[in-house]
Amino acid sequence: MLKNFTQIRFDQKSMIILHSEAALFSIVIGIAYRSGLVSVILFSILFVLLRSPQRVIYAIFVLSFLWGMIFAALGFDAGGWIWAIALGGFVFYKGIRIHFRDLKQIDAFADYESWSWRQNWFLGRQNLN
């Protein structure tokens, strides 16, 4: 079951978007901390996460969290903690949904035939042949 889940792939356009988001956040956070080292470390961590198909899921959570933190800061400036939590949580959730929508293989169990699954589990009368 987990083997099928780790074989999920993203198409080329989605990977370009994820890499550009990683570069954008690396540059912005490097400028905010006035440190090239922070920028290089963040970009290398995100690049390592984006290199492996199994780790792209974690990169999506990290990038969505960073988007949520930016909008939470804007919400805090606009109206306090309530707006920060609401806006940051909403953007985090929508970021995850947008990136997961770009999955190339939606059904992780497409190669697993239903009749072979039914033969191994009790789902009514077996061997109707």
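The present account deals with the structure reproduced in this document.

Criteria and cut-off values
Residues numbered from 1 in each chain as written. Predicted model: local features only at pLDDT ≥ 70, side-chain atom pairs only at ≥ 80, totals over all residues. Heavy atoms only, no water. Helix = DSSP H or I, 4+ residues; strand = E, 2+ residues; numbered from the N terminus. Buried < 20%, exposed > 50% of the residue type's maximum accessible area, 1.4 Å probe, protein only. Axes fitted to C-alpha atoms, helices over the stretch in contact; angles between N-to-C directions. Parallel < 35°, antiparallel > 145°, perpendicular 65-115°, else oblique. Left-handed = near helix turned anticlockwise from the far one by under 90°. Contact = heavy atoms within 4.5 Å. Expected span 1.5 Å × (residues − 1). Arc of directions from axis to C-beta. Core = buried A, V, L, I, M, F, W, Y, C linked by side-chain atoms within 4.5 Å. Phe/Tyr/Trp six-rings, centres within 6.5 Å; stacked < 30°, edge-to-face > 60°.

In this section: unusual backbone geometry. The phi dihedral of R34 falls on the positive side, at around 55°, and the residue is not glycine. In this structure, R34 sits in the loop between α2 (12–32) and α3 (36–51). On the accessibility criterion, R34 (80% relative accessible area) is exposed.

The interhelical angle for the contact between α2 and helix α4 (residues 56–79), taken along N-to-C directions, is 45°, at an axis separation of 11 Å. Taken together, the axes of α2 and α4 lie oblique to each other. When the axes of α2 and α4 are compared, the crossing they make is left-handed. Each of M15, L18, E21, A22, L24, F25 and I29 in α2 lies in contact with α4, whose residues at this interface are V56, I60, L63, L66, W67 and I70.

It is worth spelling out helix α5 (residues 81–101) at this point. Spanning 21 residues, α5 covers 30 Å between terminal C-alpha atoms, matching the ideal 30 Å at 1.5 Å per step. If you check which residues of α5 are buried, you get A84, G88, V91, G95, I96 and H99. An end-on view of α5 places all buried positions within 135° of arc, on one side of the element. Away from the buried face of α5 by more than 90 degrees, exposed residues I82, W83, I85, F90 and R101 are located. Those residues of α5 that are buried are in contact with α2 and α4.

What follows concerns the nonpolar core. M15, L18, L50 and V56 are the most contacted members of the largest nonpolar core, which totals 14 residues. Looking at this core, the elements with two or more residues in it are α2, α3 and α4. When residues in this core are grouped by element, the largest group, five residues, is from α4. Setting aside residues up to four positions removed in sequence, L50 forms contacts with M15, L18, H19, A22, V56 and A59.

Applying the stated criterion across every chain, the model contains five aromatic pairs. On the numbers, 6.5 Å between centres and 40° between planes, the contact of F61 with F92 is tilted. Of this pair, F61 sits in helix α4 while F92 sits in helix α5, and the two are 31 residues apart along the sequence. Note on F92: relative accessible area 29%, which makes it partly exposed. With a centroid separation of 6.0 Å and an interplanar angle of 80°, the aromatic rings of F61 and F100 are classed as edge-to-face. You can see F61 sitting in helix α4 and its partner F100 sitting in helix α5, a full 39 residues away along the chain. F100 sits in the partly exposed class, given a relative accessible area of 26%. Taken together through their ring pairs, the aromatic side chains of F61, F92 and F100 make up a single cluster.

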